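Commentary on secondary and tertiary structure
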Amino acid sequence: MSAKTRDRRTPSKVRAGTSGRLPAESRGRSGRPVDVQSAPPRGLAALGHRLAIWTVWLLLVAVPVVLDSAQKDSFRLPKSLLGETLALVSLFFLALAWKGPDSWRRLARAPFVRMWGPFLVVATLLSLASPHTAHVHRGLAGLWIGALAVWGWSAGFSRAELREALNFSLVPASILALIGILQFHGLYEPYAFAGIAETSRFAIGSLAGNVGDLAAALVLPVILAQSLIVRGRRLALACGALAVCLYGLVVTQTFAAVAAAAAGTCMFWAFRVSRKRAAAAVAAVAGTVVLMLVLIGPFRERSLAKLAEVGRGDWNTVLTGRLDGWRAAVWMLEQHPLRGVGVGAYRTEYIYAKAELLRHGVTFFADQMNVVFANAHNEFLEVAAETGLPGLAAFLWGSVLLVRRLRGRRRTEHREGASGADSGASGSVSESAAPRAAPDPDRALAWAGTVAIAVLSLANFPFRIAISLWPILLFLAWILTDEKEVA
C-alpha cells in the first residue's frame, strides 16, 4: 500500500470522539466489537473536559438544594438561574476541549441539529414578533440555554460519561425524596407555608417548594434506579434510591407523576422480559400500586375521591383544574395560529384567554389556589400556544426523529446479531444453533425514560421546572450522543 493510499484512508475516515478521543469500540471485518486505542486529551483540552463534567455534576446536586428565602419566588427562580449559569459554564469548559475543524464539524453534524434545530429557529423567529417583550426575552434565554446544553453535552461528552452523571443524579433525588417523606410523617419541617396545613399534601415540597415540582423530579430517577439494578451495578445505591424515590413519589399524591413512572416502568420491563413474563411484570406493577394504596392512607383517600369525581363526570375536578390551562392554550392557538403568543408569554395571555372564555360561559375550577395559570400543564399544548402551528410542526418533527433514533437502536441490534451468526456459523451448524445477539441494556432505559417524560408532559410542565429540567436534558443528551464506530 502506498503512502498516498494510507494517508487517504486513515485520518479522514476516523470520527473523532470527545476531545479528540476515539470511541471506545470499533468493528472488525466480522462485525464484532473490537477495542480501539484512544488518545486522551492533553493539556488545556484535558483540563477543560474534566472541569466541564465536574460542572455538570455540580449542577445536578446544587440546583435541587438551592433556595433564597429573600425572594418572592424563593424556589423556582434561584434554581433556574443557578442551573442556567452552571450549564453555560460547562459549555465554556467544553469549548476548551474542542480543537481543530474536525471537532467543530462533529458539533455541526450532531443529531441535535437536524432533530431540534428547526424548532429552535422557528420558535425564536416567531417569538420575536410577540408584543410581550420581557416575557419572550426571558423565555428565549431559557430555551436557548437548554438547547445549547443538550447540543454541547451530546457532542462533547461520551455516552459513558453522561451515563455516570445520570447515575449520580440519583443521589440528590434521594435527598429530595427523603426530606419529603420526613415532611409527610411530620418528623422534619424545614419551613412552613402560610395558609397551608402541615397535614396537607401541598406542605410536602421538600427542597422543591412545590409538591408537583417534587413529584416531577422523582419520575426519571425511578426509571434510572431500575436500570441500574438490572445492570447489576451500584446495587446499594440503586435499591436505596428506588425505594426512597418511589415512596417519596407516592406520598406526594401526584397522579400525573405516578402515572408517568408507571408507564415508564411498564415500558422498561417490556423490553427486559419475554412475552410470557409480561403479564407477571404488569401484575407486579399493579401489585405495587395496590400495596401503596393500602399502606399510605392519604394516597388511598385521594384515589377514592378521584374515583367518585369520575363517577360524577366532574373532569375538571378530577384533573385539579388542568382543563382551565388546556382551554386557555387552545384559545391562544385559535387566536394566533401562525405565530403564537411567544415563548414564555403564556402566563401573560392567560388573563385575556380566561376573560374571553368566561364571557362565553366556560366554568373554571372553583378551588384553584392561583388566579393565573403560569403554565398550561401540558407541554405540547403550551408549545402550540406559544409558537403556533409552525412551531408545533417543528416540535413534532423533532419528536418523530427522536422516535426514529430509538427505533434505530433495534435495527443496529439486529445487524449485530446477524453478523455474529454469520461469523460463528459453519456448514455443519444449523441456523437455529447460531448465537443470538444480547439485547442492548441501554435501549430499555432510553425508551422507558422517553415514555415517562412524554406521559408526564401531558399533565405537567417538567421542561419549565429547573429541578426536573436538567436531569431530563442530560438524559436527552445521553440518547443523542453519537458513538459511531471508526470507519
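This is a predicted model, so every value here is computed, not measured.

Looking now at helix H16 (residues 346-359). With 14 residues, H16 extends 20 Å between its outermost C-alpha atoms, agreeing within 8% with the 20 Å of an ideal straight helix rising 1.5 Å per residue. Every buried residue of H16 is accounted for by Tyr346, Thr348, Glu349, Tyr350, Ala353, Lys354 and Leu357. Note on H16: the residue one or two positions beyond its end, Gly361, has a positive phi of about 90 degrees.

A separate point is the packing of aromatic side chains. For the coordinates displayed, the defined rule picks out 13 aromatic pairs. When the ring of Trp57 is compared with that of Phe168, the centres are 4.5 Å apart and the planes differ by 20 degrees; the resulting orientation is stacked. You can see Trp57 sitting in helix H2 (residues 43-65) and its partner Phe168 sitting in helix H7 (residues 159-168), a full 111 residues away along the chain. Their ring planes at 75 degrees and their centres at 5.9 Å tell us that Phe380 and Phe395 sit as a pair that is edge-to-face. Feature note: the residues Trp116, Phe119, Phe380 and Phe395 constitute an aromatic cluster, connected by ring pairs. In this structure, Arg201 packs its charged tip against the face of Phe202, placed 5.2 Å from the ring centre.

The next point concerns the confidence of the model for the protein. Of all residues in the protein, 80% attain a pLDDT of 70 or more, and the chain-wide mean is 83. Mean pLDDT in the protein bottoms out at strand S2 (residues 33-35), which sits at 41, and peaks at helix H19 (residues 466-480), which reaches 97. Of the regions scoring below 50 in pLDDT, residues 1-40 engages in 63 contacts with residues more than four places distant in sequence or in other chains. Confidence drops under pLDDT 50 across residues 412-438; counting only partners more than four residues distant or on other chains, this segment forms 17 contacts.

Proteins that are soluble and globular tend to have nonpolar side chains buried together. Judged by nonpolar contacts, the single largest core of 107 residues is most densely connected at Trp153, Met332, Tyr346 and Trp470. Per-element accounting of this core gives the leading share, 13 residues, to H19. Beyond its immediate stretch of four places on either side in the chain, Trp470 contacts Leu59, Val63, Gly83, Glu84, Ala87, Ile145, Gly146, Ala149 and Trp153. Among the nonpolar cores identified, the runner-up in size contains 5 residues, and Val250, Val251, Ile296 and Phe299 belong to it.

Residues Val121, Leu125 and Leu128 make up a contiguous nonpolar surface patch of roughly 310 Å² in combined accessible area. Looking at the element boundaries, Val121 is found in helix H5 (residues 111-127). Using a relative accessible area of 45% as the deciding quantity, one classes Val121 as partly exposed.

Let us look at the pattern of salt bridges. Following the criterion strictly, the structure yields 11 salt bridges and no others. Residue Arg234 pairs with Glu164 through a salt bridge whose shortest N-O separation is 3.0 Å. Taken together, the positions of Arg234 in the loop between helix H9 (211-231) and helix H10 (235-251) and Glu164 in helix H7 put the pair 70 residues apart, joining distant regions of the chain. Put simply, Arg231 and Asp442 hold a salt bridge, and the shortest N to O gap is 2.9 Å. Residue Arg231 is found in helix H9, and its partner Asp442 is found in helix H18 (residues 441-459); the two are separated by 211 residues along the sequence. Residue Arg231 is classed as partly exposed on the basis of its relative accessible area of 24%. Here Asp442 falls in the buried class, since its relative accessible area comes to 13%. Residues participating in the shared-partner salt-bridge network are Glu379, Glu382, Glu386 and Arg464.

Its 15 residues place the ends of helix H8 (residues 170-184) 21 Å apart at the C-alpha level, agreeing with the 21 Å of an ideal helix rising 1.5 Å per residue. Once H8 finishes, Gly186 follows within two positions and takes phi at roughly 70 degrees, a positive value.

Conventions we followed
Residues numbered from 1 in each chain as written. Predicted model: local features only at pLDDT ≥ 70, side-chain atom pairs only at ≥ 80, totals over all residues. Heavy atoms only, no water. Helix = DSSP H or I, 4+ residues; strand = E, 2+ residues; numbered from the N terminus. Expected span 1.5 Å × (residues − 1). Buried < 20%, exposed > 50% of the residue type's maximum accessible area, 1.4 Å probe, protein only. Phe/Tyr/Trp six-rings, centres within 6.5 Å; stacked < 30°, edge-to-face > 60°. Lys NZ or Arg CZ within 6 Å of the ring centre and 35° of its normal. pLDDT = per-residue confidence, 0-100. Contact = heavy atoms within 4.5 Å. Core = buried A, V, L, I, M, F, W, Y, C linked by side-chain atoms within 4.5 Å. Patch = residues over 30% accessible without salt bridge, like charges linked within 9 Å, V, L, I, M, F, W, Y side chains within 5 Å. Areas by Shrake-Rupley, 256 points an atom, 1.4 Å probe, with all protein chains shown as cover. Salt bridge = Lys/Arg side-chain N within 4 Å of Asp/Glu carboxyl O.

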